[in-house]
Amino acid sequence: MPTPTFITGAPASGKTEALLNIATERYAVDPFAETLVLVPTVRHGDQIRRRLTSRRRVAFGLRVQTIGQLSRELAGGEAVAEPPVASELLRQATTAAIDGGQAVYFAPLAKTDGLRHLLNAAVAELMAEQIDPEAFATAAGRTERPALIALAAIYRAYAAELGTRGWKHPSQLPSAASQAVANGAAVPPLVIIDGFQLLRGGELALVEALAGQSDLVIAFDPDAGARANFTFGELLRRFPDAARIETQAAGASAPSITAGVAADREAQLRAMAREVKQRLTDDPTLRPSDCAIAFRQVAPYLGLARQVFAEYDLPLDPAAGEPLASRPLGTWLRRLLHLASDGWRLRDLVAVLGSGFVDRGRWQLDRSDVARVGRYGRERHLWAGTESLHRIVEGLRADAAAPTIAEPVRDRLQRTADGIAAALDEVGILLEPGEATASEHARRLDAALFGRSPLIRPRSRQLAGVDVEIEALRSYLRGIASTDAALGATPIAFDAFVARFEEELQAPAVLLREAGGVLLAPMHTLHGLRFVHVSIGGLVEGEFPAPRTSTALLNREARESLSRAGLVLPPEPRAAEDELWAAARTRADGTLSLWRSRLDERGRPAAASFYFDSVTADAAVDARTPAPGAVASRRELAIASTQQWPFGGHIRPPGVVAWPVVRQAVAIEQHRRSFGHGGAFEGRLAADLVPQLTGPDAVWSASRLESYRTCAFQFFGQYALRLRELDEEQDSADAATRGTVIHAVLQDALAPLVASGEPLTPATLDMAIERLRTNGPAIWDRAPTDYGFGRAALWRLDAEDVFEQLEALLEREAHAGAAHGVTRVLGAEVKIEAALPLDPPLLVTASVDRVDLGADLAVVVDYKSGREIPRAQVMDGRRVQLQLYGYLARESAEASRVVARYAWVNPPQNEWDLDTARDEDAAVIDDVVRVAEDVRAAVASGDFRVNPQVPTCPRYCAFLHVCRVNEMSRWKRWD
């Protein structure tokens, strides 16, 4: 029986050092000796190789591999299914088991990606553990757990499918490799194994086979956790007579520990990066790869870490994959693939063609041509649809043909029109093919993107990380093609192919590494690695320790049930928080720094993790937070220097000659953050500086009056400077657009009554409702194209509820009209112009949603689709629209009585109106003249200060992005 050697001990006790001594002695005798070192990760292998070669400059026979690499080398002749093929075969077996009733428990989740991922993980583990399908089915039946019984049925069906085809699952490679070794495959005479916490059943079989052919030395920490303890028990069971060497940590120096507290996640990452850079500067022998930054989970920090490390000019080597869908190439590709299914939206076309990935030269276009198309379409509200896009092309051609246009401009317009037309044709052919197999769709897409005339510029590969993204993208396409070739395929629509392809794009499989960079890793990947400096961040409650949740099919409860039924599986892969903490904090040989943030990602106070408190309570811990120094990049120095400005802090970068300017900027910034007035630069102007707003020819409206009374600075931006945001297609319809469409529907519904001079009463209600139901849906469905917003499906889905509300609104209006004695609908969207009796007269125009007339009566109706407007806001003058409409209608209709009211799509509990038959209402309507006079006088005086009269500034404000109250101080309160 083989007798390997076990070297056991606690972290940092010298286990790896003992292994290296064995290898060093071997190479001292024979520099060409063959030695195989098996490690869990490539990074672990890099460290082992570096430490060994630093001792012995010559080690020609050294092989450092992961078990996966060795298994592929030894079992290369085995028929192993490629991962995408294995996954698709499992999906087919799952569907068959569910349809056949053996796994009906999973039927509600049959078409979800979540079930597919859970089954992939569970089946891969069972295969790796060499679990017999029948034995698993028997144990699962004894547990009487429906999920395990259904999993057993799927596992048995899947294993049968693999057997029929003579294939092995990818996780069975170590088992196949163990058989190859037993059959005489050549292996080195010395095999060293280091850094593992868990060895699966197939891997244990491979270790056992290696021990029969070579001298085997294994370094292991049995107390590293439940999984390590289980694995060591299995090793002892297979090698009961193995020699055992216990290492001791005596004499090992503990790392010095510092602890820091940062404001939030970004400040925390900046402090950690600054700390690493400072250490690299202080110690020239230190390399970035000697430093590691660890979090409980890396995904929430990965994007921010790339940005921060780029600012610090530090290489970053993340041990976490990113979904291609979230990378720039994947984002562009998804927008391209959905261009047709999303309705050929103008902004999507501009984004796709304007990207740096696209070879626009194929259509004789440049970036300015694409921008021109976007401007042309926005100006004419041609937001979406192939018809609108072709109208843009024809419009550009018509402009080019104009006789007054200069020749260079004519050529540019014609080139743009021809190029966009060619691009639309080519992209349309790509995105709207007929049905084909997934592999045919994949080959077409690959040829279009990377073929002889590629959409993606070859030079794109020169961009950082894009070559890795492109290779990942093409591997996904090859995987789809190989799956179809192995399993057969039926034709599917292109949209179905895109949905399948996007599942691959969402997988976190894109590794963007920088060789020799600072390691950014989740805690569970650090076991067995050694660093000079380690930073552990995110030490706040809720992040670490994290809530213990498990959605795995083979979770702890399932394993315990199977164990009681006679089938023992290793502990679940998720490590306990204490295990993670022990693994992470014992990785540093020199310095260990611990970090937490005061605020969570939502800006709320965050409590320190008890792991952080347990260490910082030690008097030996240095709790000082490093200050920004001269080692950071220039941009980071600027950021660090300005972070304290709002609070009076002055951090002066050494040697910066522009400091006097910075010092003055601090005072300005602090003033901007306050409520102190900024004088002429912030809304206090000379009198009569804007005569176009106050002169006798100036035309006012209710909107202008309310805008000034809401905030004078907003009024100045919108009406004096005429600033507004560029029109752009919206992600979804906002409240204003929704109201506009509802107004259009109601206006059309009442058009026959307006034309015939009839009133809206119960007698004519059916006519209005029939018109509403006949013409209204078409107006509603056209809205996404007419007004340029997305999510058209959700908009159309909302139609049924909206039209029920509009029908109820018309019914309420009919009864109200009868109660007031209305005899006709004067009109919808009635335009009224009049002069208020002031000196000089103040010209006012209004567009009233509806005006009804009766005997010596005018009824003003203003449709509202939003929130309730309290009567108090009208009575105290905060709102003037309704009373101004009432005043103008009374004057233009020469009626002694006027009723002004809102008609709500979603009516409030208590509806109200203004009726001049009531003295207080008549006074409010008459008082609107005084309000208008006060507003004009304030405008003439040049008072445009920042003084919002509302608790929350409106989102439609014209000065939203330049006003310091909105943009600079979102936490300010006027009280």
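The sections below set out a description of the structure shown in this document.

Parameters and conventions
- Residues numbered from 1 in each chain as written.
- Predicted model: local features only at pLDDT ≥ 70, side-chain atom pairs only at ≥ 80, totals over all residues.
- Heavy atoms only, no water.
- Pairing = 2+ DSSP bridges.
- Helix = DSSP H or I, 4+ residues; strand = E, 2+ residues; numbered from the N terminus.
- Axes fitted to C-alpha atoms, helices over the stretch in contact; angles between N-to-C directions.
- Contact = heavy atoms within 4.5 Å.
- Parallel < 35°, antiparallel > 145°, perpendicular 65-115°, else oblique.
- Left-handed = near helix turned anticlockwise from the far one by under 90°.
- Nonpolar A, V, L, I, M, F, W, Y, C, P; charged D, E, K, R; others polar.
- Core = buried A, V, L, I, M, F, W, Y, C linked by side-chain atoms within 4.5 Å.
- Buried < 20%, exposed > 50% of the residue type's maximum accessible area, 1.4 Å probe, protein only.
- Polar contact = N/O pair within 3.5 Å; in protein donor to acceptor, adjacent residues only side chain to side chain.
- Expected span 1.5 Å × (residues − 1).
- Phe/Tyr/Trp six-rings, centres within 6.5 Å; stacked < 30°, edge-to-face > 60°.
- Lys NZ or Arg CZ within 6 Å of the ring centre and 35° of its normal.

Ordered by their spatial adjacency, 6 strands build an open sheet running S3-S2-S4-S5-S1-S6, and the pairing between neighbours is parallel. The two strands at the open ends of the sheet, each matched to only one other strand, are strand S3 (62-66) and strand S6 (243-246). Along the sheet, successive strands turn relative to each other by an average axial angle of 20 degrees, direction set aside. By the bridge criterion, 5 bridges tie strand S2 (residues 35-39) to S3 in an arrangement that is parallel. Note that in S3 the partner of leucine 36 across the bridge is arginine 63. The strands touched by helix H9 (residues 201-211) are S2, strand S4 (190-193) and strand S5 (215-220); relative to S5, the strand with the most contacts, the crossing angle is about 140 degrees.

It is worth spelling out the packing of helix H27 (residues 702-710) against helix H35 (residues 881-893) at this point. Two elements in contact, H27 and H35, have axes whose closest approach is 9 Å; the angle formed by their N-to-C orientations is 150 degrees. Here H27 is positioned roughly antiparallel relative to H35, judged by the angle of their axes. Here the hand of the crossing between H27 and H35 comes out right-handed. Here Ala702, Leu705 and Glu706 of H27 come into contact with H35, specifically with Gln881, Leu884 and Tyr885. Per-class residue counts for the contact of H27 with H35 are 4 nonpolar, 1 polar and 1 charged.

Ranked by size, the top nonpolar core spans 58 residues in total, and within it Trp332, Leu336, Leu431, Leu449, Phe497 and Phe501 carry the most contacts. Secondary-structure elements contributing two or more residues to this core are helix H13 (328-337), helix H14 (346-354), helix H15 (367-379), helix H16 (386-400), helix H17 (407-431), helix H18 (438-450), helix H19 (466-487) and helix H20 (494-505). At 9 residues, the largest contribution of residues to this core is made by H17. Aside from chain neighbours lying at most four places away, what touches tryptophan 332 is Ala351, Val352, Ser355, Phe357, Val358, Leu449 and Ile456. Listed in part, the 57 residues of the second largest apolar core include Leu705, Tyr885, Val898 and Val939.

A few words now on the sheet that holds strand S12 (residues 518-522). Pairing in this open sheet of 6 strands is parallel, and the strands run S7-S14-S13-S8-S12-S9 from one edge to the other. Strand pairing shows two members of the sheet lacking a second neighbour, strand S7 (256-262) and strand S9 (316-318), which therefore form its edges. Along the sheet, successive strands turn relative to each other by an average axial angle of 20 degrees, direction set aside. Pairing analysis gives 4 bridges linking strand S8 (residues 291-295) to S12, with the strands arranged parallel. Its bridge partner being in S12, alanine 294 is matched across the sheet by alanine 521. Across the sheet, helix H11 (residues 265-282) touches S7, S8, S12, strand S13 (531-536) and strand S14 (588-597), and the angle it forms with S14 is around 160 degrees.

If you trace the backbone, aspartate 852 turns up in strand S17 (residues 842-854). Taking the relative accessible area as the measure of exposure, aspartate 852 reaches 2% and is therefore buried. Of the polar contacts made by the side chain of aspartate 852, one reaches the side chain of arginine 850; its length is 3.0 Å. Once residues lying within four places of it in the same chain are set aside, the contact partners of aspartate 852 are Val822, Arg824, Val825, Leu826, Leu857, Ala858 and Val859.

This part takes up helix H4 (residues 83-99). Working note: α-helix, 3.6 residues per turn, so residues spaced by three or four point in the same direction. With 17 residues, H4 ought to run about 24 Å at 1.5 Å a step, and its terminal C-alpha atoms sit 24 Å apart, in line with that. Listing the buried residues of H4 in full gives Val85, Ala86, Ser87, Glu88, Leu89, Leu90, Ala93, Thr94, Ala97 and Ile98. Of the surrounding elements, those touching the buried residues of H4 are helix H5 (113-128), helix H7 (146-165) and H19. Glycine 101 occupies a position one or two residues after H4 and carries a positive phi of about 90 degrees.

Take the packing of aromatic side chains next. Inspection of every chain in the model, using the stated rule, returns 23 aromatic pairs. Ring centres 4.4 Å apart and planes at 35 degrees place the aromatic pair phenylalanine 610 and tyrosine 611 in the tilted group. For phenylalanine 610, a relative accessible area of 44% puts it in the partly exposed group. Over the face of the ring belonging to tryptophan 167 we find arginine 165, whose NZ or CZ atom lies 5.6 Å from the ring centre. Seen from the ring of tyrosine 376, arginine 380 lies directly overhead, with NZ or CZ sitting 3.5 Å from the centre.

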